Amino acid sequence: MKLKKLIALILTAGMALAIIAPQASAAPKEITILIRMMDMQDQWFRSELIPKAEKALDVKINVATFNKLSDIETMVKLEREAGKKSIALVKTEQSEIVPMVKLGNVMALDEIVSADQVAKDAKDYTATALAGGTVDGKLYYIPRKMETNVFLYLESKVEDAL
């Protein structure tokens, strides 16, 4: 299932590149994915998912790691200045999406695929998840997961421990 989601994301990114690239007549043969993950996740992503996606999509996938939002901005700027358009996907935290949208570094999903395709893909997600990926009324991404961070404790146990 994870491979199918990754392939879907890469295909969407590939379509975006085909739309915006000067040589839009052919799908890209090489793309770049920017990620920031814990070391073990990064290793698994590169060793397990990327080779399978490359084979299934017949595309070379370069994976680059970034440490902070400004790294993405720099990578995108350098790529634009070089006339390249290979960055197809950025795996990052939800909080970093809005700044990237505001800088013009992310395309809305309906600019990449048809509104019908966006609606079809979005039907499996909750309104809350979709709202998290919406900026200024446009859907830019669908979160991979939703998390609730909660800290629960029994006051009596804390008192006992102190």
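Here's the deal with unusual backbone geometry
Positioned with a positive phi, D58 is a non-glycine residue whose angle comes to about 55°. Within the secondary structure, D58 is located in the loop between α2 (39-57) and β2 (60-65). Judged by its relative accessible area of 53%, D58 is exposed.

Side note on the pairing of β2
Two elements, strand β1 (residues 30-35) and β2, share six bridges in a ladder whose sense is parallel. Counted as the bridge partner of T32 is N62 from β2.

Brief notes about the sheet that holds β1
Neighbouring strands of a sheet are bound in pairs by backbone hydrogen bonds; such pairs are parallel or else antiparallel. Taken together, three strands build an open sheet; the order of strands is β2-β1-β3 and the sheet is parallel. Two strands lie at the open edges of the sheet, namely β2 and β3 (87-91), each paired on one side alone. Adjacent strand axes in the sheet meet at a mean angle of 25° when their direction is disregarded. Strands β1, β2 and β3 of the sheet are contacted by helix α3 (residues 69-81), whose axis makes an angle of about 180° with β3.

Some remarks on the side chain of E79
Mapped onto the elements of the fold, E79 is located in helix α3. K84 provides the closest opposite charge to the buried, unpaired E79, separated from it by 6.0 Å. Beyond its immediate sequence surroundings of up to four residues, E79 is in contact with K84, K85, S86 and I87.

Digging into a nonpolar patch on the surface
On the surface, F151, Y153, V158 and L162 cluster together into a nonpolar patch covering about 540 Å² of accessible area. Within the secondary structure layout, F151 lies in the loop between β5 (138-139) and α7 (155-161).

Remarks on the nonpolar core
Counting 13 residues, the largest nonpolar core has I31, I33, I35, F45, I50, I61 and V63 as its most contacted members. Those elements giving two or more residues to this core turn out to be β1, α2, β2 and β3. Of all the elements, α2 adds the most residues to this core, at four residues. The contact partners of I35, leaving out residues within four places of it in the chain, are D42, F45, R46, V63, A64, T65, F66 and K91. Of all hydrophobic cores here, the second largest spans twelve residues; its members include L34, F66, L69 and Y141.

Procedures and definitions
Residues numbered from 1 in each chain as written. Predicted model: local features only at pLDDT ≥ 70, side-chain atom pairs only at ≥ 80, totals over all residues. Heavy atoms only, no water. Helix = DSSP H or I, 4+ residues; strand = E, 2+ residues; numbered from the N terminus. Buried < 20%, exposed > 50% of the residue type's maximum accessible area, 1.4 Å probe, protein only. Pairing = 2+ DSSP bridges. Axes fitted to C-alpha atoms, helices over the stretch in contact; angles between N-to-C directions. Contact = heavy atoms within 4.5 Å. Lys, Arg positive; Asp, Glu negative; His and termini not counted. Salt bridge = Lys/Arg side-chain N within 4 Å of Asp/Glu carboxyl O. Patch = residues over 30% accessible without salt bridge, like charges linked within 9 Å, V, L, I, M, F, W, Y side chains within 5 Å. Areas by Shrake-Rupley, 256 points an atom, 1.4 Å probe, with all protein chains shown as cover. Core = buried A, V, L, I, M, F, W, Y, C linked by side-chain atoms within 4.5 Å.

Honestly, that's just the spatial picture; any functional story needs more than this.
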